[in-house]
Amino acid sequence: MTDVWSRRAFLSAAGGGALLLGAAPARAGAAPTDGVHDAMRAVWRGLLLGGDVPAAAEPFRSRLADLGALAGGWRSAMAPAAGSLWPDLGYGGDPEMMMQSYYRLRTMAEAYVRPGTGVTGDAGLRTALLTGLDHLHADVYHAGQVRYGNWYCWQIGAPQALLDLCVLLHAELPAARSAAFCAAVDHFVPDSVVGSYTGTSTGANRVDLCRVLALRGVVGGDSAKIALARDALAPVFPYVSAGDGLYRDGSFVQHTWVPYTGTYGAVLLGGLGMLFALLKGTAWEVTDPGAQIVFDAVERAWAPFLFNGLIMDSVSGRAVSRGLMVADPRQVQQDDHARGHAVLASILLLAEGASPAERARWRGLVKGWMARDYYSRPLADTTLALSSLARLAEVDADASVAALPEPVGHRLFASMDRATHRRPGWAASLSMASKRIAHYETGNGENLRGWHTGSGMLSWCGASYGNGQYSDAFWPTVDPYRLPGTTVSRKVLADGAGGDWGASRPDAAWAGGTTDGEFASLGQQLRGLGSTLTARKSWFFLADTIVCMGSGIRCSDGATVETVVDNRNLGATGTHALTVGGTVQPAALGWSAAFPSPGWAHLAGFGGYVMSGAGSFKALREARAGRWSEINRGGSTTALTRRYLTLWYDHGVDPAGAGYVHQVLPGATAARTAARAATAGWLVVLANSETAQGVSVPSLGFTGVNFWQPGSAGPLEAGAPCSVTVREGPDGTASVCVADPSRALTSLTLVWHRPVAAVLSRPPSLVSEATGGQLRLGFGDLTAAAGAGQRVVVRLR
């Protein structure tokens, strides 16, 4: 990119220092300000606009022209009437439309104040803006109005947009108007909304409410409001052990039961970055030492889910159904890349309040994620706000920043039943459910068919392949009963089955496992959503493969039960070759076949699969049609078609103890897949029953077992249900990781039938040990560990 603005100018805005974007001189009668609040208002203006962007340079020139055209179109379409400001946004019974009306005005105001839009300073646009603000205030958003419908619209969405408008149009607003708008905000967002850390005032919602209070204080010159907002952030910082917020293991939960790092978590990240910047250098600067938890979370909570610029759908909740919304005039699709790009921009904003070392590292990580996003270039992302685009463009152009590689390793987020496995060249994520975490979230008519997301959905893509797998109209076109990795009853479910806002929690405690930071043994006690299905599922995440196991698959729904090995989105025209056992299969749509197991399959452009269990597996190549409106009531009604290649096990109707064993090898060639299938002894299945599931891979020194009941598997013996991962190293030591995913054990005895000379390191939970011809470990109460692994390091004999 050429003609990039100075880094110093950008940092002035992001850091909350200088007055970056000067406003026009105040007109007579404009709202009065004092020096401090005036400076803070200018800082917020800079944060909203993202710096003095080079209007003549791409991609800004085109984006600014589009912004001006959009604003002009909305100005022409405005028709104030009782219950609406625009004919298509009637808010008489729906505050969502009122909120959207404020959003339109905010966009129009941005076009009015930004150079290069073609309507900068346009008198007609200014008149329309003031008319619109006055109409909404008189008709619906004013002190005395009784709230109806969704609380969010009244307390977060509308007031945030209104206060942003007050900042952008400060020079145009007479004091009386500004005071009336502040009074409306006070009515709907009283100080009491942050009086207790409960209900809708937690996590990301609390940050949003604090943003409203802080900006209300800035706009109205009320220092007490700003102090209240600063102080009300304090409960957001500490780690939580239940409900909404950040957990010690990096989990982020919102709505009590839903993993939400990618959306609500992103709101929290960006909102805190904005508030930290607004308050920096003032009497209300955030000095709470707990804020460091948020900085730590960038690499503990967010980075593990970012890959090549996208953020994994497993932590985006119902937002995965918002691909193309009717209310979006730009008609641009939101997807995992768009959500990821917004997170990258938020990380850069938060970096300005972090330590120099953190700031430098995060900028390098962001630059690397941007450079590797070949599927959806961040600087071409038209879903990004111009301020976010400006932040990404600045770091992209900064030659002093070296792009850092993708982090490698395994991360288990036991507190939200999620895991990520990252290897050189590929990454995977796993979604589970338990009595702590919902199968999926639906609400407000969104994500109506995400029923089986938590039934073991296994998502993966590579450094140079598959990055559009879940971006390219996957959610509206995929068979919702065949999400990859899941075991599911095909009993027909109604849209939104299980209930809104995370109500679809199974009566199962065992979900989680153990990891040594590189490899892992994970398991799930599966209870089907809206069905009688029960099963034991395990995954062993290794160097180049994921070993998948199922046992005790039982159901009495009178419906077929299936386990989906994979379901790959081939795009609108994909003809990727499927090879099974060395024979290339037909490429015609509608083709299907069954194949005996053991065997192997390879899908060109993606990877390989080795089936080593009993029974047979099936394959299907099909085109599937769908609409975003079918999974999200606000979605586009345009019909979409995508091609899929599905591999699955058909367990039949009402199975009574079915199982499976297979490997998924991301990025493998057909030759490597065939070689793995032909290598006897590479993988040893130690158990696959309702007592235990376990494997060993001698070449990796790996042994992993999930004990569903007390018992033994290979060299391991457990006195209670638990997960165990053992890694023997080339230096004569080994690590033994043990966890209680059910969070119920007050004692546990584990025996490893392997000669051990000494215990080198031990966790506090280890209360007894014995070495010699075998290793015997006695653990005390594990309930407080919240499913986290207990690691013991030993010297082998």
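What you see as residue numbers is a count from 1 along each chain, following the sequence as written. The predicted origin of the model limits local features to residues at a pLDDT of at least 70 and limits the giving and counting of side-chain atom pairs to 80 or more, whereas totals for whole chains, interfaces and linings rest on all residues. As a rule here, side-chain values cover all heavy atoms of the structure and leave hydrogens and water aside.

### What about the environment of Thr 514?
Here is the rule we go by: By the criteria applied, helices consist of DSSP H or I runs no shorter than four residues and strands consist of E runs no shorter than two, each listed in order from the N terminus. In this analysis, two residues are considered to be in contact whenever any of their non-hydrogen atoms come within 4.5 Å of each other. Under this definition, polar contacts are N or O atom pairs within 3.5 Å; protein pairs additionally need one hydrogen-donor-capable and one acceptor-capable atom, and for neighbouring residues in sequence, both atoms have to be side-chain atoms.
Mapped onto the elements of the fold, Thr 514 is located in strand β11 (residues 511–515). In the structure, Thr 514 is positioned 100 residues away from Ala 414 in sequence and 9.4 Å away in space, judged by C-alpha atoms. Thr 514 has contacts with Leu 412, Phe 519, Ala 520, Ser 521, Leu 522, Ser 723, Val 724, Thr 725, Cys 737, Val 738 and Ala 739, leaving out every residue within four places of it along the chain. In this structure the side chain of Thr 514 is engaged in a polar contact, spanning 2.7 Å, whose partner is the side chain of Thr 725.

### Some words on the sheet that holds strand β29 (residues 722–728)
Going by this rule: A pair of strands is treated as paired once DSSP finds two or more bridges between them. Axes here refer to lines fitted to C-alpha atoms; in helices the fit is confined to the stretch in contact. Angles between the N-to-C directions go from 0 to 180 degrees.
As summarised here, the arrangement of the 7 strands in space is β24-β25-β26-β29-β30-β35-β32, forming an open sheet in which the pairing is antiparallel. Edge strands, defined here as strands with exactly one partner in the open sheet, are β24 (684–688) and β32 (756–761). The sheet shows a mean angle of 15 degrees between the axes of neighbouring strands, taken without regard to direction.

### Side note on the packing of helix α5 (residues 123–139) against helix α7 (residues 175–188)
Under the convention used in this document: Here the word oblique covers every angle except those under 35 degrees (roughly parallel), over 145 (roughly antiparallel) and from 65 to 115 (roughly perpendicular). Crossing handedness follows the turn of the near helix against the far one: under a right angle anticlockwise gives a left-handed crossing, and clockwise gives a right-handed one. Under the grouping applied here, Gly and all other residues not named as nonpolar or charged are polar, the nonpolar ones being Ala, Val, Leu, Ile, Met, Phe, Trp, Tyr, Cys and Pro and the charged ones Asp, Glu, Lys and Arg.
Direction vectors running N to C along α5 and α7 enclose 40 degrees, while the axes themselves pass 11 Å from each other. Here α5 lies oblique to α7, going by the angle between them. Pair α5 / α7 crosses with left-handed handedness. Residues Leu 130, Leu 133, Asp 134 and His 137 of α5 form the contact with α7, whose own contacting residues are Arg 177, Ala 180, Phe 181 and Ala 184. For the contact of α5 with α7, the per-class residue count stands at 5 nonpolar, 1 polar and 2 charged.

### Quick look at helix α6 (residues 151–168)
In an α-helix, one full turn covers 3.6 residues, which means residues spaced three or four apart are oriented alike. Put simply, the test is: Expected helix span is taken as 1.5 Å per residue step, with the number of steps being one fewer than the number of residues. Bend is computed residue by residue as the angle between axes fitted to the seven residues ending at the residue and the seven residues starting at it. Note on classification: 1.4 Å probe, protein chains only; a residue is buried when its accessible area is under 20% of the maximum for its type, exposed when over 50%, partly exposed between these limits.
Between its terminal C-alpha atoms α6 stretches 25 Å, which fits the 26 Å expected from 18 residues at 1.5 Å a residue. Taken as a whole, α6 carries its principal kink of about 35 degrees at Ala 158; the proline Pro 159 stands between one and four residues after it. The buried fraction of α6 is high, at 17 of 18 residues. Near the N-terminus of α6, the side chain that reaches the backbone nitrogen of Tyr 152, with its oxygen 3.0 Å away, is that of Asn 150.

### With respect to the sheet that holds strand β18 (residues 592–596)
Judged by pairing direction, the sheet is antiparallel, and its 5 strands sit side by side in the order β10-β15-β22-β21-β18 without closing on themselves. Two strands in the sheet have a free side with no partner beyond their single neighbour: β10 (487–489) and β18. Going across the sheet, the axis of each strand differs from the next one's by a mean of 35 degrees, ignoring polarity. Judged from the 9 bridges that link them, strand β21 (residues 616–626) and strand β22 (residues 640–653) form a sheet pairing that is antiparallel. Its bridge partner being in β22, Ala 619 is matched across the sheet by Leu 647.

### Here's the deal with the nonpolar core
Defined as follows: Think of a nonpolar core as a cluster: buried Ala, Val, Leu, Ile, Met, Phe, Trp, Tyr and Cys residues, connected wherever their side-chain atoms sit within 4.5 Å.
Ranked by internal contacts, the top residues of the largest apolar core, which has 138 residues, are Tyr 102, Leu 105, Met 108 and Tyr 141. Of all the elements, α6 adds the most residues to this core, at 12 residues. Beyond its immediate sequence surroundings of up to four residues, Met 108 is in contact with Ala 71, Trp 74, Arg 75, Met 78, Trp 86, Leu 125, Ala 128 and Leu 129. Counting 41 residues, the second-largest nonpolar core is a separate cluster that includes Ala 520, Trp 539, Cys 548 and Ile 553.

### A closer look at the layout of surface pockets
The test is simple: Cavity: a set of points on a 1 Å grid over the protein atoms alone where a 1.4 Å probe fits but cannot get out. Pocket: an open set with protein on both sides within 12 Å along at least five of seven lines, its lining residues, like those of a cavity, having an atom within 4 Å of a point. Grid points are joined across faces, edges and corners, and a volume is the space filled by probe spheres set on the points.
For the second largest pocket, the calculated volume is near 470 Å³. Contributing elements (two or more residues each) for the lining of the second largest pocket: β6 (409–413) and β11. The residue makeup of the lining of the second largest pocket, split by class, is 10 nonpolar, 9 polar and 6 charged.

### Section: the environment of His 337
Summarising the element assignment, His 337 is placed in helix α12 (residues 336–351). The spacing of His 337 and Tyr 470 is 133 residues in sequence and 9.6 Å in space, taken between C-alpha atoms. With residues up to four places along the chain from it excluded, the contact list for His 337 reads Asn 308, Gly 309, Leu 310, Asp 373, Tyr 375, Ser 376, Asn 467 and Ser 471. One polar contact links His 337 to Asp 373, side chain to side chain, over a distance of 3.0 Å.

### Thoughts on the pattern of salt bridges
Note the following rule: Salt-bridge detection follows one rule: a side-chain nitrogen of Lys or Arg within 4 Å of a carboxyl oxygen of Asp or Glu.
Across all of its chains, the model carries 39 salt bridges by this definition. Here Glu 406 and Arg 422 are joined by a salt bridge, their closest N and O atoms 2.4 Å apart. In this pair, Glu 406 sits in the loop between α14 (386–397) and β6 while Arg 422 sits in strand β7 (residues 418–423), placing the two residues 16 residues apart along the sequence. Arg 422 carries the same exposure label as Glu 406, and that label is buried. Through salt bridges with shared partners, one network takes in Asp 186, Asp 191, Arg 216 and Lys 225.

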